[in-house]
Amino acid sequence: MKTEERPRSTFASKFKDIQLALTFGDVLILPGRAEVEPSEVDVHTHVTKRHKLNIPFVSSPMDTVTESEMAIALARQGGLGVVHRNCAAEEQVEMVKRVKRAEALIIRDVITVTPNDTVGQALSLMERHNISGLPVVEGSKLVGIVTGRDVRFAQATLLVKQVMTNEVVKAEEGTSLEEAQSLLRDHKIEKLPIVSKAGELSGLITFKDILLRGKYPDAARDENGHLLCAAAVSPFDLERAKKLDEFADILVTDVSHFHNVNVFKATKKLMAEVSAEVIVGNIGTYQAAEDAIAELERVGGFRVGIGSGSICTTAEVTKAGSPTLFATAQVSDAVAKYGANIPIIADGGIRTPGDAAIALTAGASAVMAGNLFARCRESPGTLITIGGRYYKQYRGMGSPTARAKRYSLDRYSMPSKGVPEGVEGWVPYKGEVNIVLDELVSGLRASMGYAGAKNIEELWHKATLAALSPSGAEEAGPHDILLPSETQERV
Ligand code: XMP
């Protein structure tokens, strides 16, 4: 049918059937019958089909938000960091490796020396990897151990076999954590090599890791006790994805408009080549989720919301977007319709714990935030003072300065568009990430308490949202009172 022959109502229906793309400030969770107290609420969740988190908070893959330090801190508190990709592939892989090496129940990729290596070589390995001891192996057979004390004051040209301890305290594969702990304590040692029945080195348990495990009981870990770590990928950079796949638990596509045939094709290829679970996004509509479910076999999760980020100008510049709350509800419906059981990560625009609760109510399993985490000590952005107050740098990945690094230009289309879709600025400094997480988790628990939901699944099925009128939204904040902060500003 030619365009001019179309009935006029086709155009009018764009207004008649117009959708209401509500966002966080437009709704409230209606209080429900509560049978649990906020302190009893369970906030455990799935971030992908396979991977669980103990709190539903994920940091954005942005170069002023998530590098190793943020990813380690978040995983220790039970959340997840997605390491950004605005750098060379080697740098990103190194950041992921740092997270995976930060803690372990049993270290499997043990760094070793041979008896004929020199003391100098052993020392430089210890320094490079920031470790205090190395098992000594011949082939894969454990024959000794050297520690910092053995090599620090020895001549660099001596051989490892001249300074190593030959009688190694070791344990067999299958030794429990408690047994390992007693061995370490009884022998006053810090490292316990794990060996097979044939005496081949198969792992290493360290005292430091046991201490850290006790210190962070709620950490998000993999099956070997390493902290969970995700990494951002471009579907068009298969080589980088394959390198990251060796270390990261989860890969997250970092594309502003995932619902695009070229992106789908590239992602399909990528999924066939990697073993990690892949979270795909960003998407914002029922149709996008439906197509992804139908065309991509291994979707591990959906990253949802387009144009809501605090540094985004996408929706302003292009007048295209899907607010995170609306997008979450759309995608949740598609996931439910197909019984796909794919977790949804609501990404962008999260300002308060209540926003997170609303996103979860709309069907999300976790929320992703950049702005809230950029404020923390662990984010890589620069710390500055303005008027006696501390701020941290925060920028969109489509901002002119982030684009100048060029590595993630293809986030915004292929080939990359010339228009910036983000801004750069400053966010107030908040201190350590656990302070921000404490506020988020306690606030979320309180919201769930009001909703009468004892876990996130109950929030999906029991809680109801109500739309606010503009005067309702105004009433929802403090009003008719002069606040101390405003008083100070006037003085
Ligand atoms: P918040 O609200 O936490 O949102 O700052 C973070 C999310 O914003 C997205 N993001 C961008 N979106 N232009 C955009 O349109 C950008 O430059 C940009 N940088 C990040 C991303 O989804 C992130 O998780």
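This write-up is about the structure you can find in this document. (Residues numbered from 1 in each chain as written. Predicted model: local features only at pLDDT ≥ 70, side-chain atom pairs only at ≥ 80, totals over all residues. Heavy atoms only, no water.)

Details of the overall build of the protein chain
- Counting its secondary structure elements, the protein chain contains 20 helices and 20 strands.
- At 26 Å, the protein chain has a C-alpha radius of gyration in line with the 23 Å of a compact globule built from 491 residues.
- By its C-alpha atoms, the protein chain is 90 × 60 × 45 Å across when sized along the principal axes.
- Split into buried and exposed, the 491 residues of the protein chain put 49% on the buried side.
- Within the protein chain, counting contacts between residues at least 6 apart in sequence, those at least 24 apart form 65% of the total.
- Here the protein chain displays about 24300 Å² of accessible surface, and carbon together with sulfur accounts for 52% of that area.
- Computing the positive centroid from 56 side-chain charges and the negative centroid from 62, the protein chain places the two 3 Å apart. (Helix = DSSP H or I, 4+ residues; strand = E, 2+ residues; numbered from the N terminus. Rg over C-alpha atoms; globule rule 2.2 N^0.38 Å. Buried < 20%, exposed > 50% of the residue type's maximum accessible area, 1.4 Å probe, protein only. Contact = heavy atoms within 4.5 Å. Areas by Shrake-Rupley, 256 points an atom, 1.4 Å probe, with all protein chains shown as cover. Lys, Arg positive; Asp, Glu negative; His and termini not counted. Charge placed at Lys NZ, Arg CZ, Asp CG, Glu CD.)

A word on the site of the ligand
- For the ligand, the set of nearby residues contains 25 residues, the closest of which are Cys 312, Thr 314, Asp 347, Tyr 394 and Gly 398.
- A distance of 3.3 Å is found between an oxygen atom of the ligand and a side-chain nitrogen or oxygen belonging to Arg 303.
- Contact distances for the ligand include 2.6 Å between a nitrogen atom and a backbone N or O atom of Glu 421.
- Residue composition of the shell around the ligand, grouped by class: 8 nonpolar, 13 polar and 4 charged. (Near = heavy atom within 4 Å. Polar contact = N/O pair within 3.5 Å; in protein donor to acceptor, adjacent residues only side chain to side chain. Nonpolar A, V, L, I, M, F, W, Y, C, P; charged D, E, K, R; others polar.)

Concerning unusual backbone geometry
- For the peptide bond that leads from Gly 281 to Asn 282, omega is 10 degrees, which places it in the cis range.
- Position of Asn 282 relative to the elements: it lies in strand β13 (residues 277–283).
- Unlike most non-glycine residues, Asn 130 shows phi in positive territory, near 55 degrees.
- Looking at the secondary structure, you find Asn 130 in the loop between α4 (119–129) and β6 (133–138).

Remarks on the sheet that holds strand β19 (residues 424–428)
- Overall, antiparallel pairing links the 3 strands, which are arranged β17-β18-β19 in an open sheet. Every other strand in the sheet has two partners, leaving β17 (383–386) and β19 as the edge strands with one partner each. Sheet twist, expressed as the mean angle between neighbouring strand axes with direction ignored, is 45 degrees.
- Alignment of β17 against strand β18 (residues 389–395), held across 4 bridges, turns out to be antiparallel. (Pairing = 2+ DSSP bridges. Axes fitted to C-alpha atoms, helices over the stretch in contact; angles between N-to-C directions.)

Here's the deal with the environment of Glu 474
- Structurally, Glu 474 can be placed in helix α19 (residues 470–476).
- Under the relative-accessibility criterion, Glu 474 is labelled exposed at 59%.
- Along the chain, Glu 474 and Val 36 lie 438 residues apart, while their C-alpha atoms are 30 Å from each other.

What to know about the sheet that holds strand β14 (residues 299–304)
- If you trace the 8 strands once around the closed barrel, you get β4-β5-β11-β12-β13-β14-β15-β16, paired in parallel fashion. On average, adjacent strands in this sheet sit at an angle of 25 degrees to one another, irrespective of strand direction.
- Where strand β12 (residues 250–253) meets β13, 3 bridges bridge the pair, whose relative direction is parallel. Its bridge partner lying in β13, Leu 251 is registered against Val 278.
- Against the sheet, helix α10 (residues 261–273) makes contact with β11 (230–233), β12, β13 and β14, and its axis sits at roughly 165 degrees relative to β13, the strand it touches most.

Some points on the nonpolar core
- Counting 92 residues, the largest nonpolar core has Phe 57, Leu 251, Phe 302 and Phe 373 as the members making the most contacts within it.
- Counting residues per element, this core draws most heavily on helix α17 (residues 433–451), at 8 residues.
- Discounting residues that sit within four places of it in the chain, Phe 302 has contacts with Ile 279, Val 280, Ile 283, Ala 289, Ala 292, Ile 293, Val 331, Val 335, Ile 342, Pro 343, Ile 344 and Ile 345. (Core = buried A, V, L, I, M, F, W, Y, C linked by side-chain atoms within 4.5 Å.)

A word on the environment of Arg 445
- Looking at the element boundaries, Arg 445 is found in helix α17.
- By relative accessible area, which is 23% here, Arg 445 ends up partly exposed.
- Between the C-alpha atoms of Arg 445 and Pro 353, which are 92 residues apart in sequence, the distance is 8.8 Å.
- Here Arg 445 is in contact with Pro 38, Ser 39, Glu 40, Val 41 and Val 43, once residues within four sequence places are set aside.

Structural notes on α10
- Over its 13 residues, α10 extends 19 Å from the first C-alpha to the last, a length consistent with the 18 Å expected when each residue adds 1.5 Å.
- Buried residues of α10: Val 263, Phe 264, Ala 266, Thr 267, Leu 270 and Met 271, and no others. For α10, the buried positions fall inside an angular range of 170 degrees around the axis, keeping them on one side. Facing away from the buried surface of α10 by more than 90 degrees, the exposed residues are Val 261, Lys 265, Lys 269 and Ala 272.
- In the core, the buried residues of α10 are packed alongside β11, α9 (238–245), β12, β13, α11 (286–295) and β14.
- For α10, the N-terminal capping position is held by Asn 260, with its side-chain oxygen 2.8 Å away from the main-chain nitrogen of Asn 262. (Expected span 1.5 Å × (residues − 1). Arc of directions from axis to C-beta.)

Here we look at the side chain of Thr 64
- Tracing the sequence through the fold places Thr 64 in the loop between β4 (57–59) and α2 (68–76).
- Given a relative accessible area of 1%, Thr 64 falls into the buried group.
- Polar side-chain contacts of Thr 64 include one of 3.2 Å to the backbone nitrogen of Arg 395.
- Once residues lying within four places of it in the same chain are set aside, the contact partners of Thr 64 are Ala 374, Ser 379, Pro 380, Gly 381, Gln 393, Tyr 394 and Arg 395.

A short note on the pattern of salt bridges
- Counted under the stated rule, the structure contains 24 salt bridges.
- The closest approach of N and O atoms between Arg 221 and Glu 103, which form a salt bridge, is 2.8 Å. Taken together, the positions of Arg 221 in the loop between α8 (207–215) and β11 and Glu 103 in the loop between α3 (89–102) and α4 put the pair 118 residues apart, joining distant regions of the chain.
- Residue Glu 103 is classed as buried on the basis of its relative accessible area of 1%.
- Here Arg 303 and Asp 254 are joined by a salt bridge, their closest N and O atoms 3.0 Å apart. Of this pair, Arg 303 sits in strand β14 while Asp 254 sits in the loop between β12 and α10, placing them 49 residues apart in sequence.
- According to the relative accessible area criterion, Arg 303 is buried, its value standing at 4%.
- Taking relative accessible area as the criterion, Asp 254 reaches 2% and is therefore assigned buried.
- Look at the salt bridges and you will find they share partners, linking Glu 69, Arg 377, Glu 378 and Glu 432 into a network. (Salt bridge = Lys/Arg side-chain N within 4 Å of Asp/Glu carboxyl O.)

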